[in-house]
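Reading the structure
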Amino acid sequence: GNSVTQMEGPVTLSEEAFLTINCTYTATGYPSLFWYVQYPGEGLQLLLKATKADDKGSNKGFEATYRKETTSFHLEKGSVQVSDSAVYFCALSDSQGGSEKLVFGKGTKLTVNP
Amino acid sequence: SQTIHQWPATLVQPVGSPLSLECTVEGTSNPNLYWYRQAAGRGLQLLFYSVGIGQISSEVPQNLSASRPQDRQFILSSKKLLLSDSGFYLCAWARGPWETQYFGPGTRLLVL
């Protein structure tokens, strides 16, 4: 079945460092890809998404490009801030068997120190 | 604009007691609705989803159940809680299949 694999955390960075969180997927067809963020004690929020190959999603300085050839959707940010500390989830839309759901990775916890 | 509410925010329940968590959505009609559980160190697990009133699909076998008595109301229930039911329960809605999901603030459940 469809699945998402993202890098194990936790990830700890200093403010203004470059961030990459790797995400690869296995899917039949052409899923949409998402990054969600969960700040401490809160629900998940959509960070960005891409619906087809070579699309780049971007928001709040974060970017991710839908790479069909490498089945990847890595999240990047050039200069992280303390306020970016959160858990980040990669997800894909799963259309197998007529179900209507997103498949999430296990999440990567990011801590940014001042 | 659309908003999603969940309550209670926090709940502490003894083993064997019943459970009822409620989720409501405002500002949209006929949404897809979802219940997830986030247990410590286990990521996000889809429990149930619903595409309409009275239509519930279960993703994993468990002692939980879900109901959708009204278009924008989704309820998660249990007759007898287990210790393993502890976790953070998230409700989400979407306009349609495979669309962006919007999450509520969550309910933190501790079963003792």
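The structure reproduced in this document is the subject of the present report.

Parameters at a glance
Residues numbered from 1 in each chain as written. Chains lettered and ligands numbered in written order. Predicted model: local features only at pLDDT ≥ 70, side-chain atom pairs only at ≥ 80, totals over all residues. Heavy atoms only, no water. Contact = heavy atoms within 4.5 Å. Buried area = accessible area lost by both parts, 1.4 Å probe. Salt bridge = Lys/Arg side-chain N within 4 Å of Asp/Glu carboxyl O. Nonpolar A, V, L, I, M, F, W, Y, C, P; charged D, E, K, R; others polar. Core = buried A, V, L, I, M, F, W, Y, C linked by side-chain atoms within 4.5 Å. Buried < 20%, exposed > 50% of the residue type's maximum accessible area, 1.4 Å probe, protein only. Helix = DSSP H or I, 4+ residues; strand = E, 2+ residues; numbered from the N terminus. Disulfide = S-S within 2.5 Å.

With that out of the way, let us pick up the interface of chain A and chain B. With 20 residues of chain A in contact, the opposing surface of chain B contributes 21 residues. At the boundary of chain A with chain B, total buried surface from both sides reaches about 1,600 Å², with 57% on carbon and sulfur atoms. Linking chain A with chain B are zero salt bridges. A class-by-class count of the residues in the side of chain A that touches chain B yields seven nonpolar, seven polar and six charged.

Our focus in this paragraph is the nonpolar core. Ranked by internal contacts, the top residues of the largest apolar core, which has 27 residues, are Trp35, Leu47, Leu48, Phe73, Leu75 and Tyr88 of chain A. Of all the elements in the fold, those that place two or more residues in this core are strand 2 (11-14), strand 3 (19-21), strand 4 (23-26), strand 5 (33-38), strand 6 (44-50), strand 8 (62-65), strand 10 (86-94) and strand 12 (108-113) of chain A. Element by element, the count of residues in this core is highest for strand 10 of chain A, at four residues. Beyond its immediate stretch of four places on either side in the chain, leucine 47 of chain A contacts Trp35, Tyr36, Val37, Asn59, Lys60, Phe62, Leu75 and Tyr88 of chain A. Core analysis: the next-biggest nonpolar cluster, separate from the first, contains 20 residues, Leu19, Trp35, Leu64 and Leu109 of chain B among them.

For the rest of this paragraph, the subject is the state of the cysteines. Residue and element names in this part refer to chain A. As enumerated under the stated definition, the model contains two disulfides over all chains in all. Between the sulfur of cysteine 23 and that of cysteine 90 lies a disulfide, 1.9 Å long from S to S. Given an S-S torsion of about -70°, the disulfide between cysteine 23 and cysteine 90 has left-handed geometry. Here cysteine 23, found in strand 4, pairs with cysteine 90, found in strand 10; they are 67 residues apart in sequence, far enough to count as distant. On the basis of relative accessibility, which here comes to 1%, the residue cysteine 23 falls in the buried class. Exposure remark for cysteine 90: the relative accessible area of 1% places this residue in the buried category.

A word on the pattern of salt bridges. Note on pairing: side chains with opposite charge can pair once their charged atoms come close. Applying the stated rule across the entire model yields five salt bridges over all chains. Close ionic contact of lysine 56 of chain A with glutamate 63 of chain A constitutes a salt bridge, the shortest N to O distance being 3.6 Å.

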